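A look at the structure
One letter stands for each residue in the lines below.
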Amino acid sequence: MEVINFDIKTIDKSNFECFQLPDESVYFGETAFVDAGNNVTLSLEEIPEEEQTNYKKIRHGFGIQLFGTTQENVLCKFEGYWRKNRKHGEGICVFPDNSTYQGHMADDVFDGYGKYLFANGDEYIGEWREGRMEGEGKFMTRNGGVLSGNFKNNYFLEGENNIMNPFLPVEVQKLDFERRQSTLMKRDQEEIRKAKEVHLFKTSTKQDLHRRIKETIEANRTPLVLASKGSLLKKSDLYSEFSIQGKQIREIDLRELYNQTRRSSTKPAALENLRSSVLTTLLNGDYLTLNIDDTSIRYDEVFDPDLREFYGQDTFPSLLWTPQEFASRGEAWNIMAQHDVTLKLNTSYQFIVWSKYRIDENNDDQGILEKFEQRFGRVLSLDHVNLVLCCGLSEEEAARDDQGEGGEQTPVGN
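Reference entry: report on the structure contained in this document. Just so we're clear, the structure is a prediction, and the values are computed from it rather than from any experiment. (Residues numbered from 1 in each chain as written. Predicted model: local features only at pLDDT ≥ 70, side-chain atom pairs only at ≥ 80, totals over all residues. Heavy atoms only, no water.)

1. Points about the overall build of the protein chain
Applied cut-off: The way it works is that DSSP assigns letters per residue, a run of H or I at least four long becomes a helix, a run of E at least two long becomes a strand, and they are numbered from the N terminus. Only protein chains enter the accessibility calculation, which uses a 1.4 Å probe. A residue is then buried if its area is under 20% of the maximum for its type, exposed if over 50%, and partly exposed in between. The contact definition used throughout considers only heavy atoms, calling two residues in contact when any of these lie within 4.5 Å. Each accessible area is a Shrake-Rupley result for a 1.4 Å probe, and residues are judged covered by the shown protein chains and nothing else.
Each helix and strand in the protein chain was counted, giving 10 helices and 19 strands. Relative to its 414 residues, the protein chain shows a buried fraction of 44%. A separation threshold of at least 6 residues defines the contact pool for the protein chain, and within that pool the share at least 24 residues apart is 54%. For the protein chain, the computed accessible surface area is about 22000 Å², with 46% contributed by carbon and sulfur atoms.

2. Points about the packing of helix α5 (residues 254-261) against helix α6 (residues 267-284)
Rule in force here: Axes, fitted as lines to C-alpha atoms, cover a helix only where it is in contact. Angles between the N-to-C directions of the axes lie from 0 to 180 degrees. Residue polarity is assigned by list, with Asp, Glu, Lys and Arg as charged and Ala, Val, Leu, Ile, Met, Phe, Trp, Tyr, Cys and Pro as nonpolar; anything else, Gly included, falls into the polar class.
Between α5 and α6, the least distance of the axes is 7 Å, while the angle of their chain directions is 145°. Of the residues in α6, those touching α5 at L257, Q260 and T261 are K267, A270, L271 and L274. Within the contact of α5 with α6, the residues separate by chemical class into four nonpolar, two polar and one charged.

3. A closer look at the packing of aromatic side chains
Under the convention used in this document: The rule is short: rings of Phe, Tyr and Trp, with Trp giving its six-membered ring, pair when the centres are within 6.5 Å, and they are stacked under 30 degrees, edge-to-face over 60, tilted in between. Two conditions define a charge sitting above a ring: the NZ of Lys or the CZ of Arg must be within 6 Å of the ring centre, and it must be within 35 degrees of the ring normal.
Per the stated rule, a full pass over the model turns up 28 aromatic pairs. Where F95 meets F110, the ring centres are 6.3 Å apart and the plane angle is 70°; that geometry is what we call edge-to-face. With a gap of 15 residues between them, F95 in the loop between β6 (86-94) and β7 (100-106) and F110 in strand β8 (residues 109-117) connect regions that are remote in the sequence. What makes F110 buried here is its relative accessible area of 12%. Centroid distance Y116 to W128: 6.1 Å. Interplanar angle 40°. Geometry classified as tilted. Residue Y116 is found in strand β8, and its partner W128 is found in strand β9 (residues 123-129); the two are separated by 12 residues along the sequence. Neither residue differs from the other here; Y116 and W128 are each classed as buried. Among the aromatic side chains, those forming a connected cluster through ring pairs are F95, Y101, F110, Y116, F118, Y124, W128, F139, F151, F156 and F167. Its guanidinium or amino end placed over the ring of Y357, R375 lies 5.6 Å from that ring's centre, counting from NZ or CZ.

4. Side note on the pattern of salt bridges
Put simply, the rule is: Here, a salt bridge means any Lys or Arg side-chain nitrogen found within 4 Å of an Asp or Glu carboxyl oxygen.
Within this structure, the stated rule accounts for 17 salt bridges. For K115, the salt bridge identified is with E123, shortest N-O distance 3.3 Å. Assessed through its relative accessible area of 27%, K115 is described here as partly exposed. The salt bridge partner of R211 is E215, with a shortest N-O separation of 2.7 Å. With R211 and E215 both in helix α3 (residues 206-218) and four residues apart, the pair spans about one turn of that helix.

5. Focus on the state of the cysteines
The condition is simple: To count as a disulfide, a pair of cysteine sulfur atoms needs to be within 2.5 Å.
As enumerated under the stated definition, the model contains zero disulfides in all. Distance from the sulfur of C391, which forms no disulfide, to the nearest cysteine sulfur (C390) is 6.8 Å.

6. Some thoughts on the sheet that holds strand β18 (residues 350-359)
Rules: In this analysis, strands are considered paired if DSSP registers two or more bridges between them.
Taking strand neighbours across the sheet as the criterion, the six strands line up as β14-β19-β15-β18-β17-β16 in an open arrangement whose pairing is parallel. Pairing within the sheet leaves two strands with one partner each, and these edge strands are β14 (199-203) and β16 (249-253). Taken over all neighbouring pairs, the strand axes of this sheet differ in orientation by 25° on average, direction set aside. Sheet topology note: the β14/strand β19 (residues 385-390) ladder contains five bridges and is parallel. Paired with T203 across the strands is C390, a residue of β19. Across the sheet, α6 is in contact with β16 and β17 (287-291); its angle to β16 comes to roughly 150°.

7. Observations concerning α6
Quick note on the threshold: Working rule for helices: expected span equals 1.5 Å times residues minus one.
Look at α6: 26 Å from first C-alpha to last across 18 residues, which is about the 26 Å you get at 1.5 Å a residue. Among all positions in α6, only A270, L274, R275, S277, V278, L279, T281 and L282 are buried. The secondary structure elements touched by the buried residues of α6 are β16, α5, β17, α7 (323-328) and α8 (330-336). Two residues or fewer past α6, G285 is found with a positive phi of approximately 70°.

8. Describing the pairing of β9
Most of β9 sits out of view: five of its seven residues are buried. Here β8 pairs with β9 via six bridges, running antiparallel. Bridged to Y113 within β9 is E127. Count of turn residues in the β8/β9 antiparallel hairpin: five residues, of which G121 carries a positive phi of about 105°. Here β9 pairs with strand β10 (residues 132-140) via six bridges, running antiparallel. Note on β10: the bridge partner recorded for I125 is K138. Where β9 folds back on β10, the antiparallel hairpin that results is connected by two residues, among which E130 adopts a positive phi of roughly 50°.

The following block contains the structure:
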């Protein structure tokens, strides 16, 4: 693809503005104004003065946003086109690790044709969809390897039944290929469909809630716990039973993690804390709770962050969602343990997801699952997930919880 080159010297800057945003980044470029109905106007000159307070200034048109310089002197920035405060159109992104993207953006994500040069020297040129490699493209590794053809959801499609993760080392790709081939031989298409189908369990007591959580984990799936609109269930109800078992609870606050990893000054420490929480849980067989949105931390985005962007083989492995498979994949654990043979995986760990999102239990099961998938499909992969919906703890049980039965344990944060 042709290199994008915005010649700032030749661009008309007569209507450019320069201002600082709440995250301390600086914007220099074109602006507009938007009203409560999301209608855009380029100028307030024809708007009555008494109505101008109803308009908010936004980034709109061509502009450059500077996010600061890292310790390695990398100037993090976006240079390109904006629409209603979102990156939209051709643009150039420079990230804290010195990786770069040049190409088309749509609503703040890579979408269309673009080139991504990774910090380790890998390179992808091709089509993107909603922030992921999807469509025709070419992935070139720093060691000279080339994967050229069709990509979907960041995976390379090789043939009809085989998919490859281009980011994995060759030896791990081989293990991944062998596992997939073995799976395809043992399962027919119906079994594969069932493995990806979200299962719904309804419960009305705390005792039954924990039974459903245990059954889900034993079935090699991950429980995502929600409360109905009429339920008295709180996050503390999850932790109270765990404390009886004498296990440590570690909590990953997804919104806090997102905010910290967006700043170059706090990203390294945030990722190290994430790795420490996950690794300690796996070593001790403790509880790891992913808290999606039940937090007091301010978060300015419309949608919750996509959990998959934090996946890392030695920080937050995707196999956490399937405990039995993780335990059987020795190479995956070796990478997480950074090949320290003295570290042993404790397979009794439990990974649980919690959200404060409330669902109307009066909907039929299909309606509940549709609401669930609409809410969480953009946040995390729903493969191997059971939805555990608490439809109402009894008043007696709630009263016992308030009196401290079970001894609520304060989780260790990320």
